[in-house]
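# Per-entry structural report
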Amino acid sequence: MKLQRETENDDFYTPANLVLDCLGVLEKHITDPLDGQTRWLDPSAGYGAWFNEIQLNETQDIVHYCEIKEGLDFFHCQDKYDIIVGNPPFSQLNKWLAHSVALSKDIVAYILPAHGLNHKRLCFMEAFGFELVAMHSFQNPKAWNVGFAHFFCVWKKPKPFLIKEKEFNYCMQKEYTYQYKLSDFGGDKE
């Protein structure tokens, strides 16, 4: 039996309780910027669940959002942010991640489908300096009416440190050099 969706392909709005759950996972990885103001971006705001919850935290943080249905296209955004967080459209995931790493100074955190977490995407994030520091599973909201799992993934740029000569990571051994460009993953052409 095939599931019937109540929403269009990329319109999966994040319920407030799930936003709170994900922000609880994310807060463990946030470091305060030097100027005391964290710059946040919700690049696909929808009804504003992420944006509204971040605004309620009563800090000096600066929170921006993009929403294509309001004429605020994420791909036209060029400002830099400390944290980019949300629930992106899965149909453009490679392009979305590529633009996110270009704009983020510290953290990229997204809800992603399990089938979207493949080796190539994990290596892409690592190649641009983002390490996967948290992966949180949750029960799909009933309104999404989908049968596959989703995860809230947090990637963070590590603070500078001395790299050992023969360090190994899950994507590649350091003896080999892989050069990725954003255009390899659907991002900005070089």
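What you see is a predicted model; the values in this text were computed from it and never measured.

## Focus: the sheet that holds strand 4 (residues 104-113)
- Strand order in the open sheet formed by six strands is 2-1-3-4-6-5, with mixed pairing between adjacent strands. At either end of the open sheet lies a strand with only one pairing partner, and these are strand 2 (62-65) and strand 5 (131-138). Within the sheet, the average angular offset between the axes of one strand and its neighbour, ignoring direction, is 20 degrees.
- This element, helix 3 (residues 93-103), spans strand 3 (81-86) and strand 4 of the sheet and lies at about 160 degrees to strand 4.

## Here we look at helix 1 (residues 16-26)
- Listed in full, the buried residues belonging to helix 1 are L18, V19, C22, L23, V25 and L26. What you see down the axis of helix 1 is that its buried residues fit within an arc of 155 degrees, all on one side.
- The inward-facing, buried residues of helix 1 contact strand 1 (39-42), helix 2 (49-55), strand 3, strand 4, strand 5 and strand 6 (150-156).

## Quick notes on the confidence of the model for the protein chain
- For the protein chain, the average pLDDT comes to 78, and 69% of its residues sit at 70 or higher.
- Mean pLDDT across the elements of the protein chain ranges from a minimum in helix 2, with 87, to a maximum in strand 3, with 95.
- Of the regions scoring below 50 in pLDDT, residues 162-168 engages in four contacts with residues more than four places distant in sequence or in other chains.
- Taken as a whole, residues 172-180 scores under 50 in pLDDT and shows 12 contacts with residues more than four places along the chain or in a different chain.

## Examining the pattern of salt bridges
- Counted under the stated rule, the structure contains two salt bridges.
- Across the pair D82 and K105 runs a salt bridge, and its minimum N-O distance is 3.9 Å. Of this pair, D82 sits in strand 3 while K105 sits in strand 4, placing them 23 residues apart in sequence.
- A relative accessible area of 43% means that K105 is categorised as partly exposed.
- A salt bridge links K156 to D106, with the shortest nitrogen-to-oxygen separation between them at 3.0 Å. Here the residue K156 occupies a position in strand 6, and D106 occupies one in strand 4, the gap between them amounting to 50 residues.
- Overall, K156 belongs to the buried group, its relative accessible area being 13%.
- For D106, a relative accessible area of 8% gives the class buried.

## A few points about the packing of aromatic side chains
- Within this structure, the stated rule accounts for six aromatic pairs.
- For the pair W50 and F152, a centre-to-centre distance of 5.8 Å together with 20 degrees between the ring planes defines the contact as stacked. Linking W50 in helix 2 with F152 in strand 6, this pair joins segments that are 102 residues apart in sequence. The residues W50 and F152 share a single accessibility class, namely buried.
- Taking the centre distance of 5.5 Å and the plane angle of 50 degrees together, the rings of F74 and F75 count as tilted.
- Owing to a relative accessible area of 17%, F75 belongs among the buried residues under this scheme.

## What about the packing of helix 3 against helix 4 (residues 119-127)?
- Where helix 3 contacts helix 4, the axes come no closer than 10 Å and their chain directions differ by 15 degrees. By the criterion of interaxial angle, the relationship of helix 3 to helix 4 is roughly parallel. Where helix 3 crosses over helix 4, the two elements pack in a sense that is right-handed. Side by side, helix 3 and helix 4 meet where L93, N94, L97, A98 and V101 of the first sit next to R121, F124 and M125 of the second.

## A short note on the environment of L132
- Mapped onto the elements, L132 comes out in strand 5.
- Separated by 25 residues in the primary sequence, L132 and I107 place their C-alpha atoms 9.8 Å from one another.

Definitions and cut-offs
Residues numbered from 1 in each chain as written. Predicted model: local features only at pLDDT ≥ 70, side-chain atom pairs only at ≥ 80, totals over all residues. Heavy atoms only, no water. Pairing = 2+ DSSP bridges. Helix = DSSP H or I, 4+ residues; strand = E, 2+ residues; numbered from the N terminus. Axes fitted to C-alpha atoms, helices over the stretch in contact; angles between N-to-C directions. Contact = heavy atoms within 4.5 Å. Buried < 20%, exposed > 50% of the residue type's maximum accessible area, 1.4 Å probe, protein only. Arc of directions from axis to C-beta. pLDDT = per-residue confidence, 0-100. Salt bridge = Lys/Arg side-chain N within 4 Å of Asp/Glu carboxyl O. Phe/Tyr/Trp six-rings, centres within 6.5 Å; stacked < 30°, edge-to-face > 60°. Parallel < 35°, antiparallel > 145°, perpendicular 65-115°, else oblique. Left-handed = near helix turned anticlockwise from the far one by under 90°.

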